[in-house]
Amino acid sequence: MTLYVVRRLATGLVLALLVTLITFLLLSPSFDGVVRSILGSAATPESVAALKERFGLDRPLLVQYGDWLGGVLQGDFGRSYFTSQEVAPAVASRLSVTLSVVLVALAVTVLISVTLGVLAAWRGGGVDRAAQGVSLVGYLIPNLLIAIVLVYVFAIQLGWLPATGYTPLSENPGRWATSILIPVIALVIAGIANMAAQVRGSMIDELRKDYVRTLRTRGISTRSVVLRHALRNAAGPALTVMSLEFISMLGGALIIENVFALPGFGSYAFNSSLQGDIPVIMGITLFTVLLVVCVNLVTDLVNGWLNPKARVL
């Protein structure tokens, strides 16, 4: 197992190198535009060349990438071209905002999806139709529309929740909860659509297998068969969907954070991309790849713990 973890981490590092290198090469044609954007409309060719030299953008691309990579290995991710703020602390602070929303949304999504999926496969009938209806609504209605409707109803019309802004958990837990409630609901509705359908399908497949009939003939209660045996075996596909859903929520945060003015990872990435802030874009890319690698690794380890047949030694 240790060898497997080391191999997966090494593969993840190689993937991070390739993704950041490709990102840097794709950004390279925009170097002149970024420098002119910083200097403004009065920029002269001499001032553009001087600023490119100051940022080191006049050197060969592989040399620039090598310098950036060397800095990263020493814990220096560079500074923003526009604010001079260090990239690593800025990304870390915004990532904590995004994770506080995404992790809560993911936990609620898993709880509701597993409950709906198990009940739909176990009970069938009206519960099954209700679960499929919820999934259908989540598929059909985009996050952005859900967020706008929730803001209009709960923030503007009823005044129960703030429409925008974020309060850190350490500052005021109550205000933190109200500040993320609408974004969490918007992410949960979309997340349930995928997970509930996957859990329902996996549970139906498990409940039709021979070992389930054997357990029932031995007098084991239906509740025990469903919750202790079938659900455990159906957890593998659900875990895979959960990891994909986590990544999808990170992407959805880009829209949600801009709608609710949350100072998170998604809005930071969006604004940095519009400005062409190269050090920030590179830092965000690296953090994102490493986060995805870690999530997939944890998913594989939990899947192997739940199902020894899927364990990789």
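Remember, predicted model here, so these are calculated numbers, not experimental data.

Cut-offs and rules
Residues numbered from 1 in each chain as written. Predicted model: local features only at pLDDT ≥ 70, side-chain atom pairs only at ≥ 80, totals over all residues. Heavy atoms only, no water. Core = buried A, V, L, I, M, F, W, Y, C linked by side-chain atoms within 4.5 Å. Buried < 20%, exposed > 50% of the residue type's maximum accessible area, 1.4 Å probe, protein only. Helix = DSSP H or I, 4+ residues; strand = E, 2+ residues; numbered from the N terminus. Domains from an automatic or database assignment. Contact = heavy atoms within 4.5 Å. Salt bridge = Lys/Arg side-chain N within 4 Å of Asp/Glu carboxyl O. Axes fitted to C-alpha atoms, helices over the stretch in contact; angles between N-to-C directions. Parallel < 35°, antiparallel > 145°, perpendicular 65-115°, else oblique. Nonpolar A, V, L, I, M, F, W, Y, C, P; charged D, E, K, R; others polar. UniProt positions renumbered as here; feature names shortened; annotations may be inferred. Phe/Tyr/Trp six-rings, centres within 6.5 Å; stacked < 30°, edge-to-face > 60°. Lys NZ or Arg CZ within 6 Å of the ring centre and 35° of its normal.

K.L.:
Explain the nonpolar core to me, using residue names and the numbers behind them.
P.N.:
Judged by nonpolar contacts, the single largest core of 61 residues is most densely connected at Phe246, Phe260, Ile278, Met282 and Ile284. Counting residues per element, this core draws most heavily on helix H5 (residues 87–123), at eleven residues. In terms of domain composition, this core takes at least three residues from each of domain 1 (1–74) and domain 2 (93–274). Apart from residues no more than four positions distant in its own chain, Ile278 is found in contact with Phe24, Leu27, Phe31, Val34 and Tyr81.

K.L.:
A description of the side chain of Thr23 should follow, citing residues and the corresponding values.
P.N.:
Here Thr23 shows up in helix H1 (residues 2–27). Owing to a relative accessible area of 17%, Thr23 belongs among the buried residues under this scheme. Apart from the residues within four sequence positions on either side, Thr23 is in contact with Ile281, Met282 and Thr285.

K.L.:
I'd like a rundown of the pattern of salt bridges, residues and numbers included.
P.N.:
Using the criterion set out here, one finds six salt bridges in the structure. The partner of Asp128 in a salt bridge is Arg200, and the shortest N-O contact between them spans 2.5 Å. Within this pair, whereas Asp128 is found in helix H6 (residues 125–140), its partner Arg200 is found in helix H8 (residues 173–207), the two being separated by 72 residues in sequence. Accessibility expressed as a relative area gives 13% for Asp128, which makes it buried.

K.L.:
Just give me the short version of helix H11 (residues 265–275), but keep the residues and values in it.
P.N.:
For H11, the set of buried residues is Phe265, Gly266, Ser267, Tyr268, Ala269 and Ser272. Each element contacted by the buried residues of H11 is listed here: H5, helix H10 (222–260) and helix H12 (278–306).

K.L.:
Describe the packing of H10 against H12, listing the residues and the values that go with them.
P.N.:
Relative placement of two packed helices is described by the angle separating their axes and the distance separating the axes. The N-to-C vectors of H10 and H12 enclose an angle of 170°; their axes lie 9 Å apart at closest approach. The angle between the axes of H10 and H12 places the two elements in the roughly antiparallel class. Taken together, the residues of H12 that come into contact with H10 (itself represented by Arg232, Ala235, Gly236, Leu239, Thr240, Ser243, Phe246, Ile247 and Leu250) are Leu291, Val292, Val295, Asn296, Thr299, Val302, Asn303, Trp305 and Leu306. When its residues are assigned to classes, the contact of H10 with H12 shows eleven nonpolar, six polar and one charged.

K.L.:
Before we move on, can you summarise the domain arrangement of the protein with the specific residues and values?
P.N.:
According to the domain assignment, the protein consists of domain 1 (1–74) and domain 2 (93–274). Distance from the C-alpha centre of domain 1 to the C-alpha centre of domain 2: 36 Å.

K.L.:
Pulling in residues and values, what's your account of the packing of H5 against H11?
P.N.:
Between H5 and H11, the least distance of the axes is 7 Å, while the angle of their chain directions is 130°. When the axes of H5 and H11 are compared, the pair comes out oblique. Taken together, the residues of H11 that come into contact with H5 (itself represented by Ala90, Val91, Arg94, Leu95 and Thr98) are Phe265, Gly266 and Tyr268. Looking at the contact of H5 with H11 residue by residue, the class counts come to five nonpolar, two polar and one charged.

K.L.:
Before we move on, can you summarise the UniProt feature "domain: ABC transmembrane type-1" (unreviewed entry) in the protein with the specific residues and values?
P.N.:
Mapped onto the present numbering, the UniProt feature "domain: ABC transmembrane type-1" (unreviewed entry) falls on residues 95–299. Here residues 95–299 runs as 85% helix and 0% strand, with 20 Å between its end C-alpha atoms.

K.L.:
Got a sec to walk through the UniProt feature "transmembrane region" (unreviewed entry) in the protein? Specific residues and values, please.
P.N.:
Those residues carrying the UniProt feature "transmembrane region" (unreviewed entry) are residues 99–122, 134–156, 176–197, 238–260 and 280–306 in this numbering. Taken end to end, residues 280–306 is 100% helix and 0% strand, and its two terminal C-alpha atoms sit 39 Å from one another.

K.L.:
Give a description of the packing of aromatic side chains that names residues and reports values.
P.N.:
Aromatic rings in a pair are described by how distant their centres are and how their planes are angled relative to each other. Evaluated as defined, the whole model comprises six aromatic pairs. On the basis of an interplanar angle of 35° and a centroid distance of 5.8 Å, the ring pair of Tyr65 and Trp68 is categorised as tilted. On the criterion of helical spacing, the pair formed by Tyr65 and Trp68 is a turn pair, its members being three residues apart in helix H4 (residues 61–73). The residues Tyr65 and Trp68 share a single accessibility class, namely buried. Here Phe154 and Trp160 contribute two aromatic rings whose centre-to-centre distance is 6.1 Å and whose plane-to-plane angle is 45°, an arrangement assigned as tilted. Residue Phe154 is classed as partly exposed on the basis of its relative accessible area, which comes to 26%. Looking at Trp160, the relative accessible area reads 62%, which means it is exposed. Taken together through their ring pairs, the aromatic side chains of Phe24, Phe31, Tyr65 and Trp68 make up a single cluster. Geometry around Tyr268 places Arg94 over its ring, the cationic atom sitting 4.1 Å from the centre.

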